[in-house]
Amino acid sequence: PEETKGGDGGGDGGAADGKGVEGEDTPKDDGSGSGSGRPGKKRRKDDAENDADVEVLTLFATGREGVILQDTFPLDGNLDALMALRVPRLYFVTKPSGGGGERRGERAGESKGDREAREREGEPTGLRRLQSRPLRDFVGLDTVDAATRRALLDFSYHLATGNMDEAYKAVKLIENPTVWENMAHMCVKSKRLDVAEVCLGNMGHARGARAVREAKGEPEKDAAVAMVAIQLGLLGDAARLYRGCGRHDLLNKLYQASGQWGKALSVASKHDRIHLRTTHYLFAKHLEALGDTKNAMKHYEKADAHRYEVPRMLFDAQDLDALERYVSGSNDRDLQRWWAQYCESKGDFKKAVKYYQRAKDTLALVRVFCYNQEFATAAELVLEHNDKAAAYHLARQHEARGNVRDALTFFERAERFNHAVRLAKESGFDAELMNLALQAGKSTMLDVARHFESINQPRKAVQLYQKAGAMAKALDICFRAELFDDLRGLSEELGDDTPPEVLTRVADFFIEHQQYDKAVALQVTAKRFNHALDLCMTHKVTISEEMAEKLTLPRATTPQGKTERAELLRKLAKCLKRQGSFHLAAKKYTQAGDKLKAMKALLKSGDTEKIIFFAGVSRSPQIYILAANYLQNLDWHNEPEVMTAIINFYTKAKAFDQLAGFYDACAQVEIDEYRNYEKALAALEEAVKYTTKSRGAGGDKEMRLNQLNHRIELVQRFVSARKMVKSNPEGMVKACTALLDTRDIESSIRIGDVFALLIEYHYAKRDMHAAYRLIEDMRERNIIMHPYLDQEMVNAIYRAVGIEPAAVGGGAGGADEVDDEIDEEEVPDEPLSDDDGLM
């Protein structure tokens, strides 16, 4: 139900605009005490010890929003309970003066002297008193009129509900800073920056308003709200906000500004390490201001600022003994070097040397020793540590004293060759000058080379010009001074950047001295490719693959350029072919676009795999025929892939005459080598097939077909006879006899195979006389028997007819025939020319 609108106060509560304010004291723990000012029935006797844990809560009771917390604060130690609420104040009952665990007559927080004075005055003890305090939003405004009180109560209610706009409207005409401060506190909780700025302005807090405006530039809203909290003194809320939005850098600054250096260092070490050294440095400054130099030094070291800050701090304190102790105990070389320089400036060279040694500053030690005329010690130090800067300083000291050789030695050790060369030239030390110049830079080399040229020492001048990259000048001196040995060495370093006229001049020199390979290399470098190829052909200079690539012009875009490139490639390929570099020649012919000559070069190389590959990708009938003709010279019968390639190439080239001839050759090989008449018959049939497809002249074609058909007929007759050995022996004998009587039978089948078939048949039937007659017939025809007949069978036949094999020369067709040797005509190997059949 809606509350009744009250007046300006009641005995234990007040209300405005239907809102009631209630008060109660509530322990933070789960104790049973609660109510409107009275302790709970079950409050323990030791409540006096737990008073610090009791809080007072002020609440709004509304019909729409329910119960809303307005404020909470702990109950003071001298108060016992909340008695009443009358806006704008809360009323509390104090503890009795003698209770709550105190001795009788004592008051909370009262000293012994005050208690005794009160007792002397006769004031009674053990009394309770009434004490009041204003509500939070009425602090400093408890004497205002009723309208202002109503406005403040509305303000407090709207703050409790978080309605900042209504809260601002309720009190916008009130000028009391306390109201605006309370409202600003709520702005921190609700994160209303716009209202917070207005509150700070009404509070007259100009510095805070400016700080908040600047903080609004931060990307995180909580960072700006935290600045409002800082201006209101709510450092805990500010820290919480900074931590929540991850701005540990601003949290670090907050802790620094509030003097919480331990927390600042903890945040920096865990979350803000980029500012860790800065935090240590600022803390060290803080400690220094407090006079704590010992801890300040530690934090300066952690900030890596001790090299400057610690000496400054101790100098300002005029504590040089402490400074020396600090430097002595430190291992920092920069710090020890600085102290050594300080001692040196004071003339304490002994102590300066000590600290320079600890700092390992060789240059400074050499400087001190030279100042004290201890040059031997300085030289030993330079040689021991090989310090270039120290060596240079010692060299300048020797030069100033006129010790030229020592100065040159240490200039060289310091790698200051320009100074060494200058001093050697001035002093006439030409022997050392050459060695020094070779180690110096190009400009110094050129200067010394000109010096040697001027004093007529050309060999040294050439060496230095060459080292400095002035090849043209070095070559010119070689020609003028006729230094041919040096010229040969220089030619190996000539490159594309050398002027063509210089390269040509050196090449002519090598031609005169019959060093053609070097002359060719120089002509190639000078881009005189035709001259280089002429030299290679004339003087048989071998062209390597690398040189061949250099002799190949890049692809041209103009017709003239393409023509020149092709001509040069053909000339190069021809030269390579003469030298036997057939693979390179084929490559260059291919680049020139002449695939036919490329194939001819490959055929001379004998590389079957590349020949087959190149023919396959060229797709040229002529190349197919060339490749197939070459492959026929190989062992194609035992290499099926070669035989397949031959047939494919002839087929692709539509060279049916050549393909028919190949099948004819296949048939002859099957007959002569393997006695396989079935395969021979199949090959002859293929030969007829492709001869029919050929485009030859009519008369020749018909003649070849007739010959092939005649051979096929004879082979078929013999194949049929072999098949009749078991099924029709008499028919086989008749067929073979007819074949033996046929003229020109040797052009188709081997007559020895016919005799062998008959003899083996009669031998199997034990008709030795018939077999003997056939053997004699073979002897009369001068047919060698051992390729066709088994020797044991022949001997058995002779013995069966009463003839000893020895009487007829072992039965192998006569001793003369067996022992005769066939002289073969040796045909010399001649290289194929471009006009040969294969090429």
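Everything quoted here is computed from the prediction, not taken from an experiment.

A.B. asks: What is the right way to look at the packing of helix α6 (residues 206-215) against helix α7 (residues 221-231) in this model?
C.D. replies: Geometry of a packed helix pair, given as the angle between the helix axes and the separation of the axes. Taken N-terminus to C-terminus, the directions of α6 and α7 make an angle of 165°; their axes are 8 Å apart at the nearest point. Relative to α7, α6 is oriented roughly antiparallel. Remark: the crossing between α6 and α7 carries right-handed chirality. Side by side, α6 and α7 meet where R207, G208, A211, V212 and A215 of the first sit next to A224, M227, V228 and Q231 of the second.

A.B. asks: Is there a simple way to explain unusual backbone geometry in this structure?
C.D. replies: Among all residues except glycine, the phi angle is most often negative; among peptide bonds, the trans geometry is most common. Positive phi is not limited to glycine here, since K360 has a value of about 55°. Here K360 is to be found in the loop between α16 (349-359) and α17 (362-371). The exposure class assigned to K360 is exposed, which follows from its relative accessible area of 58%. A positive phi is found at Q373, a non-glycine position, where the angle reads about 65°.

A.B. asks: I tried to follow the sheet that holds strand β7 (residues 130-134) on my own but got confused; where do I start?
C.D. replies: Two orientations exist for strands paired in a sheet by backbone hydrogen bonds: parallel and antiparallel. Pairing is antiparallel across the open sheet formed by three strands, whose spatial order is β5-β6-β7. Two strands in the sheet have a free side with no partner beyond their single neighbour: β5 (79-86) and β7. Taken pair by pair, the neighbouring strands of this sheet meet at an average axis angle of 30°, ignoring direction. Across five bridges, the pairing between strand β6 (residues 89-94) and β7 is antiparallel. Within β7, the position partnered with L90 by the bridge is R133.

A.B. asks: Whenever I open this one, the packing of helix α42 (residues 768-780) against helix α43 (residues 791-800) confuses me. Can you help?
C.D. replies: Their axes nearest at 9 Å, the elements α42 and α43 cross at an angle of 115°. Crossing of α42 over α43 shows left-handed handedness. When α42 is examined against α43, the residues M768, A771, Y772, I775, E776 and R779 are found in contact with a partner set consisting of V794, I797, Y798 and A800. Considered class by class, the residues forming the contact of α42 with α43 number eight nonpolar, no polar and two charged.

A.B. asks: In this structure, what is going on with a positive patch on the surface? I would like to understand it.
C.D. replies: The grouping of R570, K574, R578 and K597 at the surface amounts to a positive patch. Among the elements that take part in the positive patch, helix α31 (residues 559-578) stands out by supplying three residues, more than any other. Assignment of secondary structure puts K574 in helix α31. Overall, the relative accessible area of 42% leaves K574 in the partly exposed class.

A.B. asks: Whenever I open this one, the pattern of salt bridges confuses me. Can you help?
C.D. replies: Counted under the stated rule, the structure contains 33 salt bridges. Note that E220 and R247 form a salt bridge whose closest N and O atoms lie 2.8 Å from each other. With E220 in the loop between α6 and α7 and R247 in the loop between α8 (235-244) and α9 (248-257), this residue pair connects regions lying 27 residues apart in the sequence. A relative accessible area of 24% places E220 in the partly exposed class. One salt bridge connects R307 with D304, and the closest N-O pair in it is separated by 2.8 Å. Overlapping salt bridges, with partners in common, bring together R277, D304, R307, D332, D334, R337 and D361 in one network.

A.B. asks: Can you help me understand the nonpolar core in this one?
C.D. replies: Ranked by size, the top nonpolar core spans 107 residues in total, and within it I543, L551, M599, I759 and L789 carry the most contacts. Not counting residues up to four positions away in its chain, the partners in contact with L551 are V524, F529, A532, L533, I543, L568 and L572. Membership of the second largest hydrophobic core comes to 66 residues, among which are A391, A414, A440 and F452.

A.B. asks: Where do I start with the packing of aromatic side chains in this structure?
C.D. replies: Note on aromatic pairs: each is described by the distance of the centres and the angle between the planes. Summed over all chains, the structure comprises 16 aromatic pairs. Arranged with centres 6.0 Å apart and planes meeting at 90°, the rings of F315 and W338 form a pair that is edge-to-face. Of this pair, F315 sits in helix α13 (residues 306-316) while W338 sits in helix α15 (residues 333-345); the two residues are 23 residues apart in sequence, bridging distant segments of the chain. In this structure F315 comes out as partly exposed when scored by relative accessible area, which is 25%. Residue classification places W338 among the partly exposed positions, given a relative accessible area of 29%. Measuring from ring centre to ring centre gives 5.9 Å for Y392 and F411, while their planes differ by 55°; the resulting arrangement is tilted. Residue Y392 is located in helix α19 (residues 388-401), and its partner F411 is located in helix α20 (residues 404-413); the two are separated by 19 residues in the primary sequence. The buried category is assigned to F411, whose relative accessible area is 0%. For R416, the ring lying beneath its charged end belongs to Y392, and the centroid distance is 4.3 Å. One cation-aromatic arrangement involves R766 over Y763; the distance from NZ or CZ to the ring centre is 5.2 Å.

A.B. asks: I keep staring at the environment of N676 and nothing clicks. Help me out?
C.D. replies: Relative to the helices and strands, N676 resides in the loop between α37 (656-674) and α38 (677-693). Here the alpha-carbon distance between N676 and V719, two residues 43 residues apart in the chain, equals 9.5 Å. Among the polar contacts made by the side chain of N676, one reaches the main-chain amide nitrogen of K679 at a distance of 3.2 Å.

A.B. asks: What exactly am I supposed to notice about helix α34 (residues 608-618) here?
C.D. replies: Quick reminder: α-helices carry 3.6 residues per turn. Residues three or four places apart thus point the same way. Turning to α34, its buried residues number three or more, namely I611, F614, A615 and S618. Relative to the axis of α34, the buried residues are bounded by an arc of 100° and lie together on one face. Exposed residues lying more than 90 degrees from the buried face of α34 are E609 and F613. Residues of α34 that are buried sit in contact with α32 (582-591), α33 (595-605), α35 (621-631) and α36 (640-653). Of the residues flanking the end of α34, it is R619, one or two places downstream, whose phi is positive at about 60°.

A.B. asks: It is not clear to me how the confidence of the model for the protein should be interpreted in this structure. Could you clarify?
C.D. replies: Low-confidence regions, as indicated by low pLDDT, have predicted coordinates that should not be scrutinised in detail. Across the protein, pLDDT averages 78, with 81% of residues at or above 70. Contacts from residues 1-22, a stretch scored under 50 in pLDDT, to residues over four places away or in other chains number 48 contacts. Of the regions scoring below 50 in pLDDT, residues 24-52 engages in 46 contacts with residues more than four places distant in sequence or in other chains.

A.B. asks: What is the right way to look at α15 in this model?
C.D. replies: Over its 13 residues, α15 extends 18 Å from the first C-alpha to the last, a length consistent with the 18 Å expected when each residue adds 1.5 Å. If you check which residues of α15 are buried, you get L335, Q336, W339, A340 and C343. Considered in projection along α15, the buried side chains sweep an arc of 140° and stay on one side of the axis. Where α15 is buried, its residues touch α13, α14 (320-329) and α16. A side-chain oxygen of the first residue of α15 lies 3.0 Å from the backbone nitrogen of D334; this N-cap is D332. Phi for G347, located one or two positions after α15, is positive at around 85°.

Thresholds, definitions, all that
- Counting starts from 1 at the beginning of each chain's written sequence and moves along it residue by residue.
- In keeping with the model being predicted, local features are shown solely for residues with a pLDDT of at least 70 and side-chain atom pairs are shown and tallied solely at 80 or more, while totals for entire chains, interfaces and linings include all residues.
- Computation of side-chain values: all heavy atoms of the structure, hydrogens and water removed.
- To obtain each axis, a line is fitted to C-alpha atoms, and for helices this fit is confined to the stretch in contact; angles are then taken between N-to-C directions over 0 to 180 degrees.
- Put simply, DSSP marks the helices as runs of H or I at least four residues long and the strands as runs of E at least two long, and each gets a number from the N terminus on.
- Note that the term roughly parallel is reserved for angles under 35 degrees, roughly antiparallel for angles over 145, roughly perpendicular for angles of 65 to 115, and oblique for everything else.
- When the near helix sits turned anticlockwise from the far one by under a right angle, the crossing is termed left-handed; a clockwise turn instead gives a right-handed crossing.
- We call two residues in contact when some of their heavy atoms are within 4.5 Å.
- Buried residues are those whose accessible area, probed at 1.4 Å on protein chains only, stays under 20% of the maximum for their type, while exposed residues exceed 50% and partly exposed ones sit between those limits.
- Should DSSP find at least two bridges between two strands, the strands are regarded as paired.
- Polar here means any residue other than Ala, Val, Leu, Ile, Met, Phe, Trp, Tyr, Cys and Pro, which are nonpolar, and Asp, Glu, Lys and Arg, which are charged; Gly is therefore polar.
- Patches in this entry comprise residues that are over 30% relatively accessible and not in a salt bridge; like charges within 9 Å are linked, as are nonpolar side chains (Val, Leu, Ile, Met, Phe, Trp, Tyr) within 5 Å.
- Computed with a 1.4 Å probe, the accessible areas rest on the Shrake-Rupley method; for each residue, only the protein chains presented here act as cover.
- Salt-bridge detection follows one rule: a side-chain nitrogen of Lys or Arg within 4 Å of a carboxyl oxygen of Asp or Glu.
- Charge counting follows a simple rule: Lys and Arg are positive, Asp and Glu are negative, and His as well as the terminal groups are ignored.
- By convention, the point assigned to a charge is CZ for Arg, NZ for Lys, CD for Glu and CG for Asp.
- In this text, buried Ala, Val, Leu, Ile, Met, Phe, Trp, Tyr and Cys residues form a nonpolar core when linked through side-chain atoms within 4.5 Å.
- Paired rings are identified among Phe, Tyr and Trp, the last through its six-membered ring, by centres lying within 6.5 Å, and are further divided according to the angle between planes into stacked (under 30 degrees), edge-to-face (over 60) and tilted (the rest).
- Charge over a ring is defined by NZ of Lys or CZ of Arg lying within 6 Å of the ring centre and within 35 degrees of the ring normal.
- Whenever a nitrogen or oxygen atom comes within 3.5 Å of another N or O atom, the pair is scored as a polar contact, on the condition that within protein one atom can donate a hydrogen and the other can accept it, and that pairs from neighbouring residues in sequence are kept only if both atoms are in side chains.
- Taking the helix axis as origin, the arc is that swept by the directions to the C-beta atoms.
- Confidence of the prediction at every residue is given by pLDDT, a number between 0 and 100.
- Working rule for helices: expected span equals 1.5 Å times residues minus one.

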